[in-house]
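Structural description and commentary
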2 protein chains.
Amino acid sequence: MKFVIIGGDAAGMSAASKAKRNSPQMEVMVLEKTLDVSYSACGMPYNIADPSRDMDDLVVRKADIFRQTNKINLLTGHRVDHIDPVRKTVSGVILSGNIDSDNGSPTHGFLGNHDPVVTNTYQKFSYPFDKLLIATGAAPIVQDLPGFDLPGVMALKSLEQGRQIKKFIEANNVRQAVIIGMGYIGLEMCEALRTRSIEVSMVKPGSQFLPWMTCELAEVVKQELDDNSVKLYGGHTVIKIEQAVKSTPSEETQQNRKCALSVVCENITLDADMIIVASGVRPCSEVAISAGIESGIAGSIAVDKMLKTSDDNIYAAGDCADAFHVVTGEKCWIPLALRANRSGWAVADNVCGIETSLSGVAGTAVFKVFDLQVTRTGLSLKEALSAGFDPVEVVIKTRSRAHSHPGSRSVHVAMVGDKKSGRLLGVQMVGKDGVAHRINAAAVALHANMSVTDFAQTDLGYAPPFGPVWDPLLTAANQLLKKM
Amino acid sequence: MKFVIIGGDAAGMSAASKAKRNSPQMEVMVLEKTLDVSYSACGMPYNIADPSRDMDDLVVRKADIFRQTNKINLLTGHRVDHIDPVRKTVSGVILSGNIDSDNGSPTHGFLGNHDPVVTNTYQKFSYPFDKLLIATGAAPIVQDLPGFDLPGVMALKSLEQGRQIKKFIEANNVRQAVIIGMGYIGLEMCEALRTRSIEVSMVKPGSQFLPWMTCELAEVVKQELDDNSVKLYGGHTVIKIEQAVKSTPSEETQQNRKCALSVVCENITLDADMIIVASGVRPCSEVAISAGIESGIAGSIAVDKMLKTSDDNIYAAGDCADAFHVVTGEKCWIPLALRANRSGWAVADNVCGIETSLSGVAGTAVFKVFDLQVTRTGLSLKEALSAGFDPVEVVIKTRSRAHSHPGSRSVHVAMVGDKKSGRLLGVQMVGKDGVAHRINAAAVALHANMSVTDFAQTDLGYAPPFGPVWDPLLTAANQLLKKM
């Protein structure tokens, strides 16, 4: 049995390793277009924040270990351009040896599609498969506008892009940055740059900050950015990026220092030494779609609960594939690392004859913005409305620790329930203490289709250093019940 | 309607306040034998740890506020000695004005049953009720052995006992303490005393440290005590406490300093300036049992899911009453603060005609031992065996944060599942980072009767500063599935 995997990141390498554990005799081949596999992509902003850390600390397992210890035929620098579902082959070009990975200045190829840059001629390849996994991930959305290909304009998705950003900061003495976009990655990069004392402005077309978040909670996040001297320019559409004439270090003083770049919007222009494009990601599904495989939500690859695509021999997993949402029961596209790993494993099991189906995702997400822990699971009020529920929301502010216990901080909770069925639909939480892991209790409740009444009765832990007697989630549930 | 409540702590005051919110016209009377109501009892060790804090910081709401704002007829210093279920009356003695609460030296009455000390004659009272709530709580178990009534031998349950311990430490320059018992309260008091640079030895008859905990995890807690120079003497039954002839300060040097007390065991004698008796608690159910009300597990008061006792007009709630366990479906006695508050509310609703029944408890507990967070929910392997399950346990050690993320610490998880039904039965966790709130996800799963397979599929949050991609609970569940 030949099991071929396109993509050597979370889903792909999870599937490859699990397949070899399940069936050591199976021929497992991974085709990865970059030179990096199995690294903690989500760790990049924290690594960029710390000049003393090597970006390669994030590599969980080196390619050679996969080859030698796991006996996986791992081919890096192999870009798959075509899938033939009838002949059951994959084909593409070998980029190894031609990758411009040490060129300090980023290029269009680096930014736009996180491909290595092909500088010379290249070889072609074609391999047959019995079962195929498409694990091509997601790519940053980069506006097709003038100047987005200039040096110093960068996105963060691949480890190589992380290395380039870190190198660029050091080589160019970056002191001012603009981040285009205000999502998870933008906010994490914002914290990373501020940690390095770089001034940060963030700009995006929409006027509402964190539009998926309840206003009161979004305001708390906004305040945290303000407290950390981050300038937010919501409601400004970027028109172009322009290169400025940069002063030479000898001409430069603290006062007259000029930036190399400008982000030009209709009414404002923001100067920067570096620009991070963090306007969201899109599923890398082209190779699947062009092979006639059915597409899913938001241009992702449609899969069933066993992660099978519309083709019986082809699976998809990770950020390129869709999933069922445990609250709505409908398809959704929520690219998150845990799902990628889990669905990689499930594909390996299915390929090896161990039938495994995944129930779905709750869309649980957590991130850090300076001292603030921001987290959500399930549906927001808006999402619940458009999913056809009869939702009601409560927003509360409570404390993270017991009455009079030192170190207690505010905890803000928004909780949404369905009036019709009584079900818990979603929770959002923001605070500086004890928020990150608290959300998981609500996530489990969503998986269990729990009613708000039943959730309000759960026996959550209490000790003064860790919470009030009534956990913030229980206080929210008790308040929500009054409105239902 | 006359609603009378015996006991003005968590369950009693929750019931009183809720009843007045539900039915402002209702006559609500609370009879509390001490002078303190509505305080954070669990916060006492942390308050004792800090000489700069006033013990009265722990009072959440003062008695006068309950009287004036909430219009509750709150009578402190009122000890109920008799319930007449037929005539529907409660009677007892008024201790107000006769309470020896400012006497620095503790006395037998102070230690043994946390009654105020009656120094003079006292008045009797008798009140009728339509509905009665018994919320008499629990009391420390104090061995009936010589010397347990000596000054400097103290237990911690009431706020007054907390005040006395704090005063005693200061007045007597306590430098060495012995704690009899090694449960939650003993361990929290141990940390409090070490924080004040007091040497601590702990002694108990059983040789197994934290016998409810899986050995590997108990060892981690033991190591933390060792790292903080706490001496543990397990397997030593206390025979008596003796008074020593204390040296006067002028005779005393660092070397020859003598303690006032000695804990005498068969093979060892432990000297101490102060002795804390923390050998567990027992339900204060005498007044109920002697009125013919049915008793439950461990001498507690038996209640149904609506918190009603065997008498139609009498409810019981809080540490004096039993509860259903959500995993076994059987009765249990697990005195915890959240249950006390919640069941107080439920009684108020039922008394006011809003039918409320409680599903039960999962026995979720969390406590802090120095830097360590220790937590559990549901059944241990031993408990699962004796409840008739076919349990299997897995114990894992993983990390609290993502690969290479700074500040990551070990997380130890023990997880128990039932082979027969596939159900998740219980979880224990120990670690220095991100343990306390993580347990709640497992607690919710127990309430939902989740299988280990379904729990392993839950979408828990991930971000590098807060956890690995696979949350420690998911890693444990994945490993447990292999054994099931």
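Predicted model, so just to flag it, every value in this text is computed and none were measured.

Attention shifts here to the overall build of chain A. A count of helices and strands for chain A gives 13 helices and 25 strands. In terms of principal-axis extent, the alpha carbons of chain A reach across some 70 × 65 × 40 Å. Here chain A holds 484 residues, and the buried ones make up 54% of them. In chain A, 67% of the contacts between residues at least 6 apart in sequence involve partners at least 24 apart.

Right, let's talk about unusual backbone geometry for a bit. For Ala298 of chain A, which is not glycine, the phi torsion reads 55 degrees and is therefore positive. The backbone of Ser38 of chain B shows a phi angle near 50 degrees, a positive value even though the residue is not glycine. For Ser38 of chain B, the position within the fold is in the loop between β2 (27–32) and α2 (44–48). Residue Ser38 of chain B is classed as buried on the basis of its C-beta count, with 24 C-beta atoms lying within 10 Å.

Moving on to the confidence of the model for chain A. The predicted coordinates of low-pLDDT regions are not to be read in fine detail. All names here are of chain A. In this model, chain A carries a mean pLDDT of 93, and residues with pLDDT of at least 70 account for 92%. Below a pLDDT of 50 lies the segment residues 98–115, which in the model reaches 42 contacts outside its immediate sequence neighbourhood of four places, other chains included. For this predicted complex, the interface score ipTM comes out at 0.94, while the overall pTM is 0.94.

Residues and elements named next belong to chain B. Ordered by their spatial adjacency, 5 strands build an open sheet running β21-β22-β25-β24-β23, and the pairing between neighbours is antiparallel. Edge positions in the sheet fall to β21 (365–369) and β23 (391–399), since each of these pairs with one other strand and no more. Neighbour-to-neighbour, the strand axes of the sheet open up by a mean angle of 10 degrees, direction not taken into account. Across the sheet, helix α11 (residues 439–447) lies against β21, β22 (372–378) and β25 (424–431), angled at about 5 degrees from β22, the strand it touches most. Packing of helix α13 (residues 472–483) onto the sheet brings it into contact with β23, β24 (410–418) and β25, and relative to β23 it is tilted by some 140 degrees.

A separate point is the domain arrangement of chain A. All names here are of chain A. Examined at the domain level, chain A breaks down into domain 1 (2–38 + 60–102 + 113–140 + 281–351), domain 2 (173–272) and domain 3 (365–483). For domain 2 and domain 3, the distance between their C-alpha centres works out to 31 Å. The partner domain 3 presents 15 residues to the 14 residues of domain 2 that form the contact. If you list the elements that add at least two residues to the side of domain 2 that touches domain 3, you get α6 (184–195) and α7 (215–227). Broken down by class, the residue content of the side of domain 2 that touches domain 3 amounts to 8 nonpolar, 2 polar and 4 charged.

Moving on: the environment of Met450 of chain B. Secondary-structure assignment places Met450 of chain B in the loop between α11 and α12 (452–456). The spatial distance from the C-alpha of Met450 of chain B to the C-alpha of Arg423 of chain B is 5.9 Å, given a sequence separation of 27 residues. Filtering out sequence-adjacent residues up to four positions away, Met450 of chain B remains in contact with Ala448 of chain A together with Leu424, Ala445 and Phe455 of chain B.

Let us now look at the interface of chain A and chain B. Every contact between the two is made by 50 residues of chain A and, on the other side, 50 residues of chain B. Where the side of chain A that touches chain B is concerned, the elements lending two or more residues are α9 (337–351), β21 (365–369) and α11 (439–447) of chain A. Taken together, the residues of the side of chain A that touches chain B sort by class into 29 nonpolar, 16 polar and 5 charged.

This next bit is on the environment of Gln161 of chain A. Considering the arrangement of structural elements, one finds Gln161 of chain A in helix α5 (residues 159–171). Counting along the chain gives 235 residues from Gln161 of chain A to Ile396 of chain A, while the straight-line C-alpha distance between them is 40 Å.

In terms of nonpolar packing, the biggest core is built from 308 residues, with Ile275 of chain A together with Ile275 of chain B touching the most fellow members. Apart from residues no more than four positions distant in its own chain, Ile275 of chain B is found in contact with Gly152, Val153, Ala177, Val178, Ile180, Ile241, Leu261 and Val263 of chain B.

Before going further, it helps to spend a moment on the relation of the copies chain A and chain B. The two copies are related by a screw motion: chain A maps onto chain B through a turn of 180 degrees and a shift of 0.0 Å along the axis, at an RMSD of 0.0 Å. As the rotation angle and translation indicate, the two copies are arranged about a two-fold axis. Using C-alpha coordinates, one finds that chain A approaches the rotation axis most closely at Ala441 of chain A, a distance of 1.9 Å. Of all interface residues in chain A, 100% are interface residues in chain B too; the two copies therefore contact each other through one and the same surface.

Reading guide: rules and limits
Residues numbered from 1 in each chain as written. Chains lettered and ligands numbered in written order. Predicted model: local features only at pLDDT ≥ 70, side-chain atom pairs only at ≥ 80, totals over all residues. Helix = DSSP H or I, 4+ residues; strand = E, 2+ residues; numbered from the N terminus. Buried ≥ 20, exposed ≤ 12 C-beta atoms within 10 Å, placed from the backbone. Contact = placed C-beta atoms within 7 Å. pLDDT = per-residue confidence, 0-100. Pairing = 2+ DSSP bridges. Axes fitted to C-alpha atoms, helices over the stretch in contact; angles between N-to-C directions. Domains from an automatic or database assignment. Nonpolar A, V, L, I, M, F, W, Y, C, P; charged D, E, K, R; others polar. Core = buried A, V, L, I, M, F, W, Y, C linked by C-beta atoms within 7 Å. Least-squares fit on C-alpha atoms with pLDDT ≥ 70 in both.

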